[in-house]
Amino acid sequence: MPEVTRDDVEWVDDDETLGEVFCLTFIKDVDETEALSRLGALPDTLRPRTLEEAREANGSYEAGYPEFAFALNLGTWTVLIEPDGCLGSLTGPLTALSRGTEAVSVQRHEYDEHAFRYAVDGTLVTGFEPTWPHHRWGSEPDRLLGKMRVAGLDPDTKDDAEDDYVSSPYVPALLLAGLITGAVPHPDVLAAEPLSAEIEPWFSTAPPSLSLSDPAMIAALEAAPPHLLRTVAAREIMRLATLLDLDGTPGLAETVAAAERGEPVTVSPDSELGTHVRSWLTRSRQASRSLNDFARPKMSDDERIATNMLGWFAGALKAALWPEPHAAARAMLYPLTQGPPQLRDPAQETVTLHTLRSNPDPT
C-alpha cells in the first residue's frame, strides 16, 4: 500500500473544499453507519447528501440549525467529516469513538484552536495543538514522536524558538493522521453525495460534558455511593421537570425511575421520550443560534429564555440516565448549582448536599 504523502493532504488548505472550520475523525474497523451512530447520528436522517445541502440546512432556523457528519470508507478505517463541526476533536466524544478500537482526529479551526488527538480503547493517548507540537498530553504523549517528525511537526522545539510556530498546522496534522491510518480522503469524493446524518450528541456514546466547580459538592459527589447518586439524580431531574412543566412528558417518569433503580436505560432517537428530547434540543439550538442571524425576530425574549431552559433540562437528563453515576455526577447537578437563575435553588442545593453526605446504607 502506498504511503500517504504531503501531496495527499495539501487540499485541506483550500478554503473552497471544507472551509476554515472542520473536523476529520478516523476510526479503525468500524463501518460508516456504526461510526456515525457512535457520534450521535439520528437514524431517520441517515442518507447520502451533498456538503452544500448540509451547510444550507445548518444555517436554517426552520431546519433547526442541525449539525451534520459525513462518513467515508477508506478500507480498514472510516473517516467522519464534520463541516463546521468539532465533536470528534473533543476528548469525550473521541474516546467514546475509540472504544474497542483506535481513533484519530484532526481539527481545523481558524477562529479558535486547531487540534490533533489520538485515542485507543477509550483512552486519549496523545493530544496537542499542532501549531505548537511540543506541548503534548495524554497517557503516552511521546508515542507518535517518530511519525510527527516525518509529518513535519517537530516535537522538540522550545518555547523561545523563533521557528516554534507551525503555519497551516492542520496540513501536517492530517499527514500525521495518514501515517497512522495509511489512508486519507480524496477531495473528489466530497464533491459527490457521501453517506451522512444529522448529529445530535445527546444520543452519542460520549458521557455528559458539563461539570460543576463547587468543591464541597464535588467532594460529596465523589464520596457518595452509586445508589445515592442515582437517587439524587432522579429527584433533581423531576424537580427540574416540574419547574419547567415537563413532568407529564410521556415516558419521562418511568425512565428516570428505572435509572434510579440501577436498570440499564436507553433512550433511542425514535422513541417517544427521544422524540421529545430531540424537540427540546432543536428549540434550544434555535434560541441560541438565531440570536446572531436574521431569524432573531422569530422568537421573543421571553420565548428565548424559556426555550433555553429545555436545553439545560436535556443535558441534566442525559447525566441522570448515564449508567455510571460517578462519571456523570457533576453534570447532573450543574443546572442546580451553576445554571441560570430560573433553575437554581440554594435551599435545594443545601438539601442535596446534606443528602449526599448522609451516605445511608442501601440495605
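Further up the page is the structure itself.
Keep in mind the model is a prediction, meaning the values are calculated, not measured.

A.B. asks: Run through the overall build of the chain, naming residues and quoting values.
C.D. replies: Of the regular secondary structure elements, the chain holds 14 helices and nine strands. Here the C-alpha atoms of the chain give a radius of gyration of 22 Å, agreeing with the 21 Å that 2.2 N^0.38 yields for 363 residues. Along the first, second and third principal axes, the C-alpha set of the chain runs to 60 × 45 × 40 Å. Burial status across the chain gives 52% buried among its 363 residues. Long-range pairs, those at least 24 residues apart, make up 68% of the contacts in the chain between residues at least 6 apart in sequence. Per element, the accessible surface of the chain, about 16600 Å² overall, is 50% carbon and sulfur.

A.B. asks: Kindly report on the side chain of Thr352, identifying the contributing residues and their values.
C.D. replies: By secondary structure assignment, the location of Thr352 is in helix α14 (residues 346–358). Leave out the neighbours within four places in its chain, and Thr352 touches Val232, Leu333 and Leu336.

A.B. asks: How would you explain unusual backbone geometry if you had to name every residue and give the values?
C.D. replies: Although it is not a glycine, Asp84 sits at a positive phi angle of roughly 65°. Examined against the element boundaries, Asp84 turns out to sit in the loop between β4 (77–83) and α3 (91–97). A positive phi angle, close to 45°, is found at Asp121, a residue other than glycine. Assignment of secondary structure puts Asp121 in the loop between β6 (115–120) and β7 (123–128). Look at Asp121 and you get exposed, because its relative accessible area is 51%.

A.B. asks: Can you tell me about the pairing of β7, naming the residues and giving the values?
C.D. replies: Of all six residues in β7, five are buried, a share of seventy percent or more. Where β6 folds back on β7, the antiparallel hairpin that results is connected by two residues, among which Asp121 adopts a positive phi of roughly 45°. When β7 meets strand β8 (residues 136–137), the two strands line up antiparallel, connected through two bridges. By the bridge assignment for β8, Gly127 is matched with Trp137.

A.B. asks: Requested: an account of the pattern of salt bridges, with residues and values cited.
C.D. replies: Under the definition given, this model contains 16 salt bridges. Note that Arg143 and Glu140 form a salt bridge whose closest N and O atoms lie 3.4 Å from each other. For Arg330, the salt bridge goes to Glu222, with nearest N and O atoms at 2.9 Å. Placement of Arg330 in helix α12 (residues 325–332) and of Glu222 in helix α7 (residues 215–223) is noted, with a sequence separation of 108 residues between them. Given the relative accessible area of 31%, Arg330 is considered partly exposed. Residue Glu222 is classed as exposed on the basis of its relative accessible area of 51%.

A.B. asks: An account of the packing of α7 against α14 is requested, with residue identities and associated values reported.
C.D. replies: In contact at an axis separation of 8 Å, α7 and α14 are set at 35° when each is read in the N-to-C sense. Judged by the twist between their axes, the crossing of α7 over α14 is left-handed. In this structure, α7 uses Ala216, Met217, Ala220 and Leu221 to contact α14, whose residues at the interface are Glu349, Leu353, Leu356 and Arg357.

What counts, and at which threshold
Residues numbered from 1 in each chain as written. Predicted model: local features only at pLDDT ≥ 70, side-chain atom pairs only at ≥ 80, totals over all residues. Heavy atoms only, no water. Helix = DSSP H or I, 4+ residues; strand = E, 2+ residues; numbered from the N terminus. Rg over C-alpha atoms; globule rule 2.2 N^0.38 Å. Buried < 20%, exposed > 50% of the residue type's maximum accessible area, 1.4 Å probe, protein only. Contact = heavy atoms within 4.5 Å. Areas by Shrake-Rupley, 256 points an atom, 1.4 Å probe, with all protein chains shown as cover. Pairing = 2+ DSSP bridges. Salt bridge = Lys/Arg side-chain N within 4 Å of Asp/Glu carboxyl O. Axes fitted to C-alpha atoms, helices over the stretch in contact; angles between N-to-C directions. Left-handed = near helix turned anticlockwise from the far one by under 90°.

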